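# Structural overview
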Amino acid sequence: MQKEVKAQFIDSEQIDKTLVQSQAVDNACVRDILAKAKELHGLEMAEVAALSAVTDPGLIEEMFAAARQVKQEIYGSRLVLFAPLYVSNRCTNECTYCAFRARNQEVTRRTLTQDEIAAEIRVLLEQGHKRVLLVAGESYPDKEGFNYVLKSVDTIYKTTTGRGGIRRVNVNVAPLTVEQFRELKAADIGAYQIFQETYHRETYARVHVAGMKRNYDWRVTAVERAMEAGIRDVGIGPLFGLADWRYELLALMQHIHHLELRFGCGPHTISVPRLEPAVGSEVASHPPHAVSDADFLKIIAILRLAVPSTGLVMSTRESAEIRRKSYQIGISQTSAGSRTDPGGYEEVEGDFHSSQFQVGDNRPLDEVVREVAAMGFIPSFCTACYRSGRTGKDFMDLAKPGAIKYNCEPNALSTFREYLDDYASPETRAAGEQLIAEQLAKMDGRQQRIVTPMLARVNGGQRDVFV
Ligand code: SAM
Ligand code: SF4
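All of the points below concern the structure found in this document.

What counts and what doesn't
All residue numbers refer to position in the chain's written sequence, counted from 1. Chains carry letters and ligands carry numbers; both start at the beginning, A for chains and 1 for ligands, and go up in the order they are written. Local features in this predicted model are restricted to residues whose pLDDT is 70 or higher, and side-chain atom pairs enter the listing and the counts only when it is 80 or higher, whereas totals over whole chains, interfaces and linings include all residues. To obtain the side-chain values, all non-hydrogen atoms of the structure were used and water was disregarded. Secondary structure follows DSSP: runs of H or I at least 4 residues long count as helices, runs of E at least 2 residues long count as strands, and numbering of each begins at the N terminus. Radius of gyration means the value over C-alpha atoms here, while the globule rule gives 2.2 Å times the residue count to the 0.38 power. Working definition: with a 1.4 Å probe on protein chains only, accessible area under 20% of the residue-type maximum means buried, over 50% means exposed, and in between means partly exposed. Here, residues are in contact when the closest pair of their heavy atoms is within 4.5 Å. In this tally Asp and Glu are treated as negative and Lys and Arg as positive; neither His nor the chain ends contributes. By convention, the point assigned to a charge is CZ for Arg, NZ for Lys, CD for Glu and CG for Asp. Only buried Ala, Val, Leu, Ile, Met, Phe, Trp, Tyr and Cys residues count toward a nonpolar core, and they belong to the same one when joined by side-chain atoms within 4.5 Å. Under this definition, polar contacts are N or O atom pairs within 3.5 Å; protein pairs additionally need one hydrogen-donor-capable and one acceptor-capable atom, and for neighbouring residues in sequence, both atoms have to be side-chain atoms. Classification of ring pairs rests on two measures: the distance between centres of Phe, Tyr or Trp rings, Trp counted by its six-membered ring, which must be within 6.5 Å, and the angle between planes, read as stacked under 30 degrees, edge-to-face over 60 and tilted in between. Sitting over a ring, as applied to charges here, requires NZ of Lys or CZ of Arg to be within 6 Å of the ring centre and within 35 degrees of the ring normal. We call a residue near a given molecule or strand whenever any one of its heavy atoms falls within 4 Å of it. Areas reported here follow the Shrake-Rupley algorithm with a probe of radius 1.4 Å; residue values treat only the protein chains shown as occluding. We call Asp, Glu, Lys and Arg charged. Ala, Val, Leu, Ile, Met, Phe, Trp, Tyr, Cys and Pro are nonpolar, and the rest, Gly among them, are polar. Angles shown run from 0 to 180 degrees and are taken between the N-to-C directions of axes, each axis being a line fitted to C-alpha atoms and, for helices, limited to the stretch in contact. By the definition adopted for this analysis, an angle is roughly parallel if under 35 degrees, roughly antiparallel if over 145, roughly perpendicular if from 65 to 115, and oblique otherwise. Working rule for handedness: look at the near helix, and if it is turned counterclockwise from the far one by less than a right angle, call the crossing left-handed; if clockwise, right-handed. Criterion for a salt bridge: a side-chain nitrogen of Lys or Arg within 4 Å of a carboxyl oxygen of Asp or Glu. In a helix, the anticipated span is given by 1.5 Å times the number of residues less one.

In this section: the overall build of the protein. Within the protein one finds 20 helices and eleven strands. Here the C-alpha radius of gyration of the protein, 21 Å, is about what a compact globule of 467 residues would show, namely 23 Å. A burial count over the protein gives 61% of its 467 residues as buried. Considering only residue pairs separated by 6 or more positions, the protein has 75% of its internal contacts joining residues 24 or more positions apart. Of the side chains in the protein, 56 bear a positive and 61 a negative charge, and the two mean positions are spaced by 4 Å.

What follows is the structure, encoded as structure tokens:
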């Protein structure tokens, strides 16, 4: 075990003070903040607090419009798709909101063998997925320990079908030591993701009643150890519903600021999980600080304005309707067709009794892709950046207006073309053809000169074409 660092960068007093001061902010000041956000340099904590305090429906609409504009300028039209892969629901922790908590007798426990992981991956590959997020409870098989995670990553990469394999594995597992993170990096993972659940220390202590996870500081410093170990893309996020969401947003800003100071670069992504019902959990069904749909959308818009170059990730915890709205105002990556029970992809119906929580959007990938395309977004299966070394600060530097569209959109279109040819239903293919034609017509000359030969290569049978 390494020397523990006390996380003083989460300053509760400053958060509380800033939240009180934000109540006095007038409409003119809010409009100034929105104007500043549209310059794409992000926002300070006090400005985030001011936006969080807005209740006027007209001003909220202005906030959404600003977020839409920022999203379009930084990310263009693409929306990246992925699937989670739950490899084990065994856990030694007692997080009161999670079905996998150790003492929960209502859950059927399962840890997938490497063969079972390969079987799950084959199902995801047949659906068309290229990106997977490996997820596990904090308990690995006795004989293997953490090596189980490394073996699982290796199995995922090695499993292929006639049409190739998974091209990027991200990982969401319990905090590791720097040495373990080095091993994870050597296993060639894309991003390491971990949610603080709540940045509010007292709430954190209340909802984490047993196990390693009780240690707030060990958890909140996990992404720093990952970065120290050379993992340049990290993902963070609170679990909304445990404490006041305004507090969480400001603490998140402090966390990001701290990473920027220390590493010259903040997180690659922020996720916005919201508490969902879970078997054997009262807290999950009755969140102490439930976030309404209206506030949830506001959170997404504020984050888009505050950290314009950071990816925002939406899961299938949310309903199709919320997901649709969220793509417009900030979300840049989303899961689709997800199961949260180990072995769930091989089953016809998901098994809620071994799932982590109830999924809000059960639609298969093909249906989500069709809808995303019909909305005018390019469903992207791109994994180019991390394989081309565009990670960490290099990615952030590229994620400036006008720059990413010469990489992201071409790669989105070539991987989408591949999806349409290899996996799509006839209806999705029709919607996709129309979207590709519209996108090509909208592109400037330089973009077209990049994309046209890429699409020709995919049409000619090449796969994994990217710039
Ligand atoms: N066990 C590891 C950990 O806790 O860090 C790995 C991740 S855990 C399987 C995935 C995430 O699911 C947690 O970090 C938490 O934010 C989220 N989660 C747990 N219970 C949930 C619930 N009832 N509704 C929504 N999300 C939940
Ligand atoms: Fe275990 Fe993670 Fe669930 Fe907590 S959130 S009980 S650590 S799986």
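Here the narrative resumes.
Before going further, it helps to spend a moment on the nonpolar core. The biggest cluster of nonpolar side chains holds 127 residues, and the ones touching the most others in it are L184, Y192 and L305. Those residues in contact with L305, other than ones at most four positions away along the chain, are L34, A37, G42, L43, L51, M63, A66, A67 and V70. Counting 20 residues, the second-largest nonpolar core is a separate cluster that includes C95, F100, A278 and A284.

Once that is clear, we can look at the side chain of E120. Locating E120 in the fold gives a position in helix α5 (residues 114–127). Looking at E120, its side chain comes within polar contact range of the main-chain nitrogen of G343, at 3.5 Å. Within the structure, the side chain of E120 is placed 2.9 Å from the backbone nitrogen of E346, a separation counted as a polar contact. Sequence-distant contacts of E120, defined by excluding residues within four places in its chain, comprise L85, L112, G343, G344, Y345 and E346.

So, on to the environment of R101. Along the chain, the position of R101 falls in the loop between β1 (78–88) and α5. Residue R101 is classed as buried on the basis of its relative accessible area of 16%. For R101 and R90, which are eleven residues apart along the polypeptide, the C-alpha to C-alpha distance reads 7.9 Å. Apart from the residues within four sequence positions on either side, R101 is in contact with N93, E94, C95, T96, R109 and G280. A distance of 2.7 Å separates the side chain of R101 from the side chain of E94, its partner in a polar contact.

Once that is clear, we can look at the packing of aromatic side chains. Summed over all chains, the structure comprises six aromatic pairs. Ring centres 5.2 Å apart and planes at 80 degrees place the aromatic pair Y204 and Y216 in the edge-to-face group. Here Y204, found in helix α8 (residues 201–207), pairs with Y216, found in helix α9 (residues 216–220); they are twelve residues apart in sequence, far enough to count as distant. Classification of Y204 as buried rests on a relative accessible area of 1%. Measuring from centroid to centroid gives 5.8 Å for Y419 and Y423, while their planes differ by 35 degrees, and the two rings are tilted. There is no split in this pair, since Y419 and Y423 are both buried. Its guanidinium or amino end placed over the ring of W218, R225 lies 3.4 Å from that ring's centre, counting from NZ or CZ.

With that settled, the discussion passes to the site of ligand 1. Near ligand 1, the surroundings consist of 20 residues, among which Y97, E197, K213, R219 and R317 are the closest. Contact between ligand 1 and A136: a nitrogen atom at 3.1 Å from a main-chain N or O atom of the residue. Protein chains shield 97% of the accessible area of ligand 1, which is 560 Å² for the free molecule. The class makeup of the residues in the shell around ligand 1 is eleven nonpolar, three polar and six charged.

At their nearest, the axes of helix α1 (residues 12–22) and helix α3 (residues 45–52) sit 8 Å apart, and the two run at 50 degrees to each other. Considering their axes alone, α1 and α3 lie oblique with respect to each other. In the crossing of α1 with α3, the sense of the turn from one axis to the other is right-handed. Together, Q14, I15, T18, L19 and S22 of α1 and M45, A46, A49 and A50 of α3 make up the contact between the two elements. Residue composition of the contact of α1 with α3, grouped by class: six nonpolar, three polar and no charged.

Next up on the list: the packing of α3 against helix α11 (residues 245–263). Running from N to C, α3 and α11 cross one another at 160 degrees; their axes reach a closest spacing of 9 Å. One finds that α3 runs roughly antiparallel with respect to α11. You can see that α3 and α11 cross each other, and the crossing is right-handed. Along its contact with α3, which presents M45, V48, A49 and S52, the element α11 presents W245, R246, L249, L250, M253 and Q254. Considering only residue class, the contact of α3 with α11 consists of seven nonpolar, two polar and one charged.

With that out of the way, let us pick up the side chain of R78. Following the sequence through the fold, R78 ends up in strand β1. Here R78 sits buried without a salt bridge, and the closest side chain of opposite charge, E409, lies 7.6 Å off (N-O distance). Within the local environment of R78, its side chain forms a polar contact with the backbone oxygen of S332, the two atoms lying 3.5 Å apart. The contact partners of R78, leaving out residues within four places of it in the chain, are K71, S332, I378, S380, C408, E409 and A412.

If you check helix α13 (residues 293–306), its first and last C-alpha atoms are 20 Å apart, about what 14 residues at 1.5 Å a residue would give, namely 20 Å. α13 sits mainly inside the fold: eleven of its 14 residues count as buried. The set of residues buried in α13 consists of F296, L297, K298, I299, I300, A301, I302, L303, R304, L305 and A306.

Among all residues except glycine, the phi angle is most often negative; among peptide bonds, the trans geometry is most common. Positive phi outside glycine occurs at L40, with the angle close to 70 degrees. One non-glycine residue, E197, lies in positive phi territory at about 70 degrees. Note on placement: E197 falls in the loop between β6 (192–193) and α8.

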